[in-house]
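Tertiary structure, described
So the chains spell out like this:
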Amino acid sequence: MIWTIATREVVTRGRSKGFLAITAILFVALIAAAVAIRFLGGGDDARSVTIGITRDGAALVGPLAVGDEDLDPTIVTGADVADLENGEVDVLFDGAALTWDGSPDRGLDDYIRRVVQEAAVTDRAAAAGLGVTELGALFEPVELEEVRLDGGAEESDIRFAAAAVSAIATFMLLQVWGSFMMMGVIEEKSSKVIEVLLSQIRPATLLGGKILGLGILAVGQMLIVVIGLVIGLALVQDIDVPSGVWATAPLLLVTFVLGFGFYATAFAAVGSMVSRQEDATSAQLPAMLPLFIAYFIAVSSLGSPGNPAVTIGSFIPFTSPVLLPLRTANGDMPGWQVALALAILAVSIFAMLQLAGRIYRYSLLRSGARVSWGEAWRNRNAVDL
Amino acid sequence: MTNGSSSVATDGLVITDIAKRYGSVQAVDGLTLAVPRGALIGFLGPNGAGKTTTMRAVMGMVRLDRGTISWDGTTVDDGTRRRVGYMPQERGLYARMKVKEQVVYFGRLAGLSKSEANARAEHWLDRVGVSDRADSLVQELSGGNQQRVQLAVALVHDPDLLILDEPFAGLDPVAAENMRGIIADRAEAGASVLFSSHQLDLVEDLCEQVVIIAGGRLVATGAISDLRAASPTRLLRVRWAAPVGRWQPLAGTMLRFDGHSAEVELPAGADVQSAIANAVSAGPVTEIAVEPPGLADLFADLVIGTEAAEVPA
């Protein structure tokens, strides 16, 4: 029975244009963002330039033709000022001077100066009796290990980004799916279909089926987005995500599922108290507010890890769905604390089901004005659950 | 104690002494009624009489202050409710779901298998006359067609008990006739049918039995013909060969007068002979009849009577 209800939620909601559009946009946007970073960052495609060299500069044709990761030079030998003037070459080099038509191209200027400098160093070293091998040894880079007091080693920046993305994404998804849940409840109430439903099934079954169905869709959407993220990162090979960050992904999923169970129930309860879609915005405040508080704690503490508000909030069920991923991605939450926070959240779902279920089954058949909290709680005329 | 009277036939729906108070409003006050299997009973009462509360109570949607509701001798529970087809007063369908998909869904909720639900949905959509709209969204249908879909939803699992709250409201005559036929068929097939309506002419045509309530209490119950016959008032109908100009009946209330014909309600104990004589004396009569009041008049008399009696209480 509960599956019949869940299936309807998945099929009707999953088929809706809004859901498909949002999922597709998120998926494409993540890939596009990664690709854009790659192109803006330069990527592997070196820029083509043309260097004109006069007879006097002929000795450096070989070294200058090599190029580097940014520049792919073409050499025109025996060039003169006329070639520069009619745009055949970007720069004219005669062994002693660089001649430009207009302002110098900084990248090309740096490149030629570096090649000339290297050639001069090699010549002077040979004059001083040093061979290529000795010279190589002389310029052997010195490796310095990077140590950070926050323990994050070199992963720290990526971890910071992962923590921020996890917390903000969880906040947004809970808010969006909580609203979907509430809209679904209001739709059933305002269309009066609730009366037909309750003639066959109990409110608890209906609520359970709706949470299950929307939960499956929400997790499905999250997975699609994560796949988009992975594809994006694969396209941009330069960003190495430390394996420690990927290890927090399953934990993020578990936290999201529990957080969804908690918040979807709360949103269902506030949705059941109103009869019209127009009242939805004001009705959702009690469920939305703690989520916003969690979000503000998360955002304001991004620069200061170890903020006590985050530590405390990661154990409180109203804020832990957002703050727990923040701490785990940051890597500053011991395993026992994660287990404790998840256990508290799981137990709270049952408490929320009791509380919200009580409001839900009282309010469902009340039409007209918004049901007051007092009425909903006193619950005298509730349907049997 | 409650199961003591085992010798009494208890098939069908039996509602015994139910009561429900909402705040200061006593919605239902000790109501008892029965809908045996195969019976088709009209449930009548003015607005606020407690009809919807009673129907919702059968569906388990009202926590009763007292009283019992049983089906075929056992208290109604979740299992029984699977055997009930319910049509709420305000129509309830998912607006953005396709017609057939929706009927199948409710069949599934009532416990039908997928293929069964499909077959039953097709059957009933055809029977209520909207099979050509099976793939339309409900919101694209006219109000009358939505109501047909609502009936298909109530019937998809072949219920033994039909609880229909105002099934005829808003239907055109053709659709009403279609619904009437279906409801009568279900009763003939052995289902118990309880339906409320304000369209008393329809009720009179459709069913033989009625239950009339007012103020949450039973006012009258039984066969319409018996109730009419038992009424102390009579209806005098007369038609003259030529217009009679002004005419004043000797006794009773003039319900209608257009010069050519008249209808007069004669009060209890009125002298019928002199009433007829009085009408004939006005001019040559082509038709004249004295009959029990129609259901509408009977209903008005019964309900107004109880409301007057309620005032001092």
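**Focus: the overall build of chain A**
A count of helices and strands for chain A gives 17 helices and four strands. Expressed as a percentage of its 385 residues, the buried residues of chain A come to 34%. For chain A, the share of sequence-separated contacts (at least 6 apart) that also reach a separation of at least 24 residues comes to 75%.

**Observations regarding the overall build of chain B**
The secondary structure content of chain B amounts to ten helices and 14 strands. Viewed in the frame of its principal axes, chain B has a C-alpha envelope of about 70 × 55 × 40 Å. Counting only residues that meet the buried cut, chain B has 41% of its 313 residues in that class. Of the contacts formed within chain B by residues at least 6 apart in sequence, a portion of 69% connects residues at least 24 apart.

**What about the interface of chain B and chain A?**
Each partner contributes residues to the interface: chain B has 23 residues there, and chain A has 19 residues. Mapped onto the side of chain B that touches chain A, the elements with two or more residues apiece are strand S6 (84-87) and helix H3 (99-109) of chain B. Looking at which element gives the most residues to the side of chain B that touches chain A, the answer is H3 of chain B, with four residues. Classifying every residue of the side of chain B that touches chain A by side-chain character gives 15 nonpolar, two polar and six charged.

**Overview of the packing of helix H15 (residues 320-330) of chain A against helix H16 (residues 335-363) of chain A**
Residue and element names in this part refer to chain A. Running from N to C, H15 and H16 cross one another at 165°; their axes reach a closest spacing of 11 Å. The orientation of H15 relative to H16 falls into the category roughly antiparallel. Here H15 and H16 pass one another in a crossing that is left-handed. Residues Ser320, Pro321, Leu324 and Thr328 of H15 lie in contact with H16, whose contacting residues are Val338, Ala341 and Leu345. A breakdown of the residues in the contact of H15 with H16 according to their chemical character gives five nonpolar, two polar and no charged.

**What about helix H5 (residues 106-127) of chain A?**
Residues and elements named next belong to chain A. Between its first and last C-alpha, H5 extends 31 Å over 22 residues, near the 32 Å set by a 1.5 Å rise per residue. Here H5 has its buried residues at Leu108, Tyr111, Ile112 and Val115. All buried residues of H5 project into a common sector of 95° when viewed along the axis, lining one side. Counted as exposed and oriented over 90 degrees from the buried face of H5: Arg106, Arg113, Arg114, Gln117, Ala120, Arg124 and Ala127. Structurally, H5 contributes buried residues whose contacts are with strand S1 (47-53), helix H3 (61-66), strand S2 (71-77), strand S3 (91-93) and strand S4 (98-100). Just downstream of H5 lies Gly129, where phi reads positive at about 90°.

**Some remarks on the sheet that holds strand S14 (residues 285-291) of chain B**
Residue and element names in this part refer to chain B. Spatial ordering of the open sheet is given by S12-S13-S11-S14, a layout of four strands whose pairing is antiparallel. Only two strands of the sheet have a single partner each, and these edge strands are strand S12 (253-257) and S14. Averaged over all neighbouring strand pairs, the angle between strand axes comes to 15°, with direction disregarded. Bridging between strand S11 (residues 234-240) and strand S13 (residues 261-266) involves six bridges; their strand directions are antiparallel. The residue of S13 that forms the bridge with Arg234 is Leu266.

**A word on the sheet that holds strand S1 (residues 13-22) of chain B**
Residues and elements named next belong to chain B. One open sheet accounts for four strands, arranged S2-S1-S4-S5; its pairing is antiparallel. Whereas interior strands pair on both sides, the edge strands pair on one side only; in this sheet they are strand S2 (25-35) and strand S5 (74-75). Sheet contacts for helix H1 (residues 51-58): S1, S2 and strand S4 (66-71); angle to S1, the most-contacted strand, approximately 120°.

**A few points about unusual backbone geometry**
Phi at Lys192 of chain A is positive, roughly 65°, even though this residue is not glycine. The residue Lys192 of chain A is located in the loop between helix H7 (156-190) and helix H8 (193-198) in this model. Lys192 of chain A sits in the partly exposed class, given 18 other C-beta atoms within 10 Å. You will see that Asp158 of chain B, though not glycine, has its phi angle at about 45°, which is positive. Take Asp158 of chain B: it is sitting in the loop between helix H5 (143-155) and strand S7 (161-165). Taking the C-beta count within 10 Å as the criterion, Asp158 of chain B has 17 such neighbours and is therefore assigned partly exposed.

**Re the pairing of S6 of chain B**
Residues and elements named next belong to chain B. Side chains Val84 and Tyr86 project from S6 onto one buried face, and the interleaved Gly85 and Met87 project onto a second face that is buried too. Strand direction decides the pairing type here: S6 and S7, joined by four bridges, are parallel. Considered in S7, the bridge of Val84 is made with Leu161.

**Considering the nonpolar core**
Judged by nonpolar contacts, the single largest core of 146 residues is most densely connected at Ala268 of chain A together with Val103, Ala152, Val156 and Ile163 of chain B. Residues in contact with Val103 of chain B, not counting those within four places in the same chain, are Ala121, Trp124, Leu125, Val149, Ala152, Val153 and Val156 of chain B. Core analysis: the next-biggest nonpolar cluster, separate from the first, contains eleven residues, Ile53, Val91, Leu108 and Ile112 of chain A among them.

**Structural notes on the confidence of the model for chain B**
Residue and element names in this part refer to chain B. For chain B, per-residue confidence averages 87 on the pLDDT scale, and residues scoring 70 or more make up 94% of the total. Contacts from residues 1-8, a stretch scored under 50 in pLDDT, to residues over four places away or in other chains number one contact. In this model residues 308-313 is a low-confidence stretch, pLDDT under 50, and it forms one contact with partners more than four residues away in sequence or in other chains. This prediction of the complex comes with two scores: 0.75 for pTM and 0.81 for ipTM.

**Topic: the confidence of the model for chain A**
In the predicted model, chain A carries a mean pLDDT of 82, and 88% of its residues have values of at least 70. Averaged pLDDT values for the elements of chain A fall to 67 in helix H10 (residues 243-247) of chain A and rise to 90 in helix H13 (residues 285-300) of chain A.

**Overview of the packing of H3 of chain B against H5 of chain B**
Residue and element names in this part refer to chain B. In contact at an axis separation of 8 Å, H3 and H5 are set at 25° when each is read in the N-to-C sense. In terms of orientation, H3 and H5 fall into the roughly parallel class. Two packed elements cross with a definite hand, and for H3 against H5 that hand is right-handed. Contact residues: H3 offers Val99, Gln102, Val103 and Phe106, while H5 offers Val149, Ala152 and Val153. Per-class residue counts for the contact of H3 with H5 are six nonpolar, one polar and no charged.

**Topic: the environment of Gly111 of chain B**
Mapped onto the fold, Gly111 of chain B is located in the loop between H3 and helix H4 (114-128). Residues Gly111 of chain B and His157 of chain B, spaced 46 residues apart in sequence, show a C-alpha to C-alpha distance of 8.1 Å.

**Focus on the pairing of strand S9 (residues 209-214) of chain B**
Remember that side chains alternate between the two faces of the sheet whenever the strand is regular. Residue and element names in this part refer to chain B. Within S9, five of the six residues are buried, leaving the element largely enclosed by the surrounding structure. Bridge count for strand S3 (residues 40-44) against S9 is four bridges, and the pairing is parallel. Bridged to Phe43 within S9 is Val211. When S9 meets strand S10 (residues 217-223), the two strands line up antiparallel, connected through six bridges. Within S10, the position partnered with Ile213 by the bridge is Leu218. Following S9, the chain reverses through two residues before pairing antiparallel with S10; Gly215 in that reversal takes a positive phi of roughly 60°.

What counts and what doesn't
- Residues numbered from 1 in each chain as written.
- Chains lettered and ligands numbered in written order.
- Predicted model: local features only at pLDDT ≥ 70, side-chain atom pairs only at ≥ 80, totals over all residues.
- Helix = DSSP H or I, 4+ residues; strand = E, 2+ residues; numbered from the N terminus.
- Buried ≥ 20, exposed ≤ 12 C-beta atoms within 10 Å, placed from the backbone.
- Contact = placed C-beta atoms within 7 Å.
- Nonpolar A, V, L, I, M, F, W, Y, C, P; charged D, E, K, R; others polar.
- Axes fitted to C-alpha atoms, helices over the stretch in contact; angles between N-to-C directions.
- Parallel < 35°, antiparallel > 145°, perpendicular 65-115°, else oblique.
- Left-handed = near helix turned anticlockwise from the far one by under 90°.
- Expected span 1.5 Å × (residues − 1).
- Arc of directions from axis to C-beta.
- Pairing = 2+ DSSP bridges.
- Core = buried A, V, L, I, M, F, W, Y, C linked by C-beta atoms within 7 Å.
- pLDDT = per-residue confidence, 0-100.

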